[in-house]
Amino acid sequence: QQQVKQSPQSLIVQKGGISIINCAYENTAFDYFPWYQQFPGKGPALLIAIRPDVSEKKEGRFTISFNKSAKQFSLHIMDSQPGDSATYFCAASMNTGFQKLVFGTGTRLLVSP
Amino acid sequence: NAGVTQTPKFQVLKTGQSMTLQCAQDMNHEYMSWYRQDPGMGLRLIHYSVGAGITDQGEVPNGYNVSRSTTEDFPLRLLSAAPSQTSVYFCASSHLTGGYGYTFGSGTRLTVV
């Protein structure tokens with residue numbers, strides 16, 4: 001059962017452009033939404049995360065936008081660079097006790113020089 | 001600080017063979033888990049543990065066994081390898097409280113022929 005749907009599956013962006021990856025969730029009890037970045041041959045690493053009490057969180061060139069009513073959140077990469085080429089996973093979990101993360105299927109981003 | 005260490009990095013097995021994938025963390029994390037990553041399917045949870053002596057099944061547990069005798073170690077055993085178990089396996093750990101920032105190992109690429 002896919003609780004977090006991620007799109008697109010792959011994305012090609014020119015250097016300097018904006019990369020946008022979208023995720024939608026079904027469970028309204030989710031209240032923690034992280035994004036992970038994975039380079040080839042490496043494990044995923046936490047990139048940025050948001051809780052639903054804010055609509056946007058920015059860290060450098062990376063921004064999460066969150067729309068609670070639509071049950072959607074997205075990752076924006078401004079001024080995309082070739083070094084951003086990686087696979088990105090969105091995830092979600094509930095904050096009642098400890099709850100496991102549910103991951104999206106991943107987006108492979110290629111930033112062309 | 002090593003983080004999460006997985007061994008081996010690569011392994012080729014013949015159908016029917018058994019083996020153990022090792023995972024160790026030095027961050028005193030209570031939660032440890034095993035995922036498999038297959039193209040287009042994201043990260044799927046195999047087994048997880050919330051402390052020594054406590055394990056539970058994830059989304060795709062069949063064909064795999066785990067045990068957790070110490071906080072640091074969480075080995076994954078393949079009982080009788082099948083070609084369908086060809087995948088990249090990741091171990092992840094985190095504290096039970098405080099933001100759920102998973103730390104992933106660098107993965108084990110397993111091929112079953």
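Let me begin by describing the structure that accompanies this report. If you're wondering where the values come from, they're calculated on a predicted model, not measured in any experiment. (Residues numbered from 1 in each chain as written. Chains lettered and ligands numbered in written order. Predicted model: local features only at pLDDT ≥ 70, side-chain atom pairs only at ≥ 80, totals over all residues. Heavy atoms only, no water.)

### Points about the overall build of chain A
The criterion, for reference: Per the convention used, a helix needs a DSSP run of H or I reaching at least four residues, while a strand needs a run of E reaching at least two, with both numbered from the N terminus. Here the globule rule is a power law, 2.2 Å times the number of residues to the power 0.38, and the radius of gyration is based on C-alpha atoms. Buried, partly exposed and exposed residues are distinguished by accessible area as a fraction of the type maximum, computed with a 1.4 Å probe on protein chains only: under 20%, between the cut-offs, and over 50%, respectively. Every residue pair with non-hydrogen atoms within 4.5 Å of one another is taken to be in contact. Per-residue and other accessible areas follow the Shrake-Rupley method at a 1.4 Å probe size, with only the shown protein chains counted as cover for residues.
Across its full length, chain A carries 0 helices and 11 strands. Seen in sequence order, chain A has helices and strands lined up from the N terminus as β-β-β-β-β-β-β-β-β-β-β. In terms of overall dimensions, chain A is globule-like: its C-alpha atoms have a radius of gyration of 14 Å, near the 13 Å expected for 113 residues. Across the 113 residues of chain A, 43% fall into the buried class. Partitioning the contacts of chain A with sequence separation of at least 6, the portion at a separation of at least 24 is 53%. Total accessible area on chain A is roughly 5,600 Å²; 50% of this is exposed by carbon and sulfur atoms.

### Things to note about the packing of aromatic side chains
Residues and elements named next belong to chain A. For clarity, the cut-off: The pairing test for Phe, Tyr and Trp rings, Trp by its six-membered ring, is centres within 6.5 Å, and the orientation test on the planes gives stacked under 30 degrees, edge-to-face over 60, and tilted for anything in between.
Following the criterion strictly, the structure yields 18 aromatic pairs over all chains and no others. Look at tyrosine 25 and phenylalanine 33: their rings are 4.8 Å apart centre to centre, the planes differ by 45 degrees, and that puts the pair in the tilted class. For the pair shown, tyrosine 25 and phenylalanine 33 are each scored as buried. Relative to phenylalanine 73, the ring of phenylalanine 33 lies with its centre 4.9 Å away and its plane at 55 degrees, an arrangement referred to as tilted.

### Focus: the pattern of salt bridges
Selection rule: Basic side-chain nitrogens of Lys or Arg form a salt bridge, by our definition, when they fall within 4 Å of a carboxyl oxygen of Asp or Glu.
Going through the model one piece at a time under the given rule, you end up with 4 salt bridges over all chains. Note that glutamate 59 of chain A is salt-bridged to lysine 57 of chain A, the shortest N-O span being 3.8 Å. For lysine 57 of chain A, a relative accessible area of 32% corresponds to the partly exposed category. A salt bridge links arginine 36 of chain B to aspartate 38 of chain B; the nearest nitrogen and oxygen atoms lie 2.8 Å apart. Given a relative accessible area of 10%, aspartate 38 of chain B falls into the buried group.

### Concerning the sheet that holds strand S3 (residues 19–25) of chain A
All names here are of chain A. Rules: Only when DSSP finds a minimum of two bridges between them are two strands counted as paired. Between N-to-C directions, angles cover 0 to 180 degrees, with each direction set by a line fitted to C-alpha atoms, over the stretch in contact for helices.
Taken in spatial order, the 5 strands line up as S1-S3-S8-S7-S6 in an open sheet, and their pairing is antiparallel. Of all the strands in the sheet, just strand S1 (4–7) and strand S6 (56–59) have a single pairing partner and so form its edges. Recorded for the sheet is a direction-independent mean angle of 15 degrees between the axes of neighbouring strands. Relative to S3, S1 is paired through 4 bridges, and the arrangement is antiparallel. Pairing of serine 7 across the sheet is with asparagine 22, part of S3.

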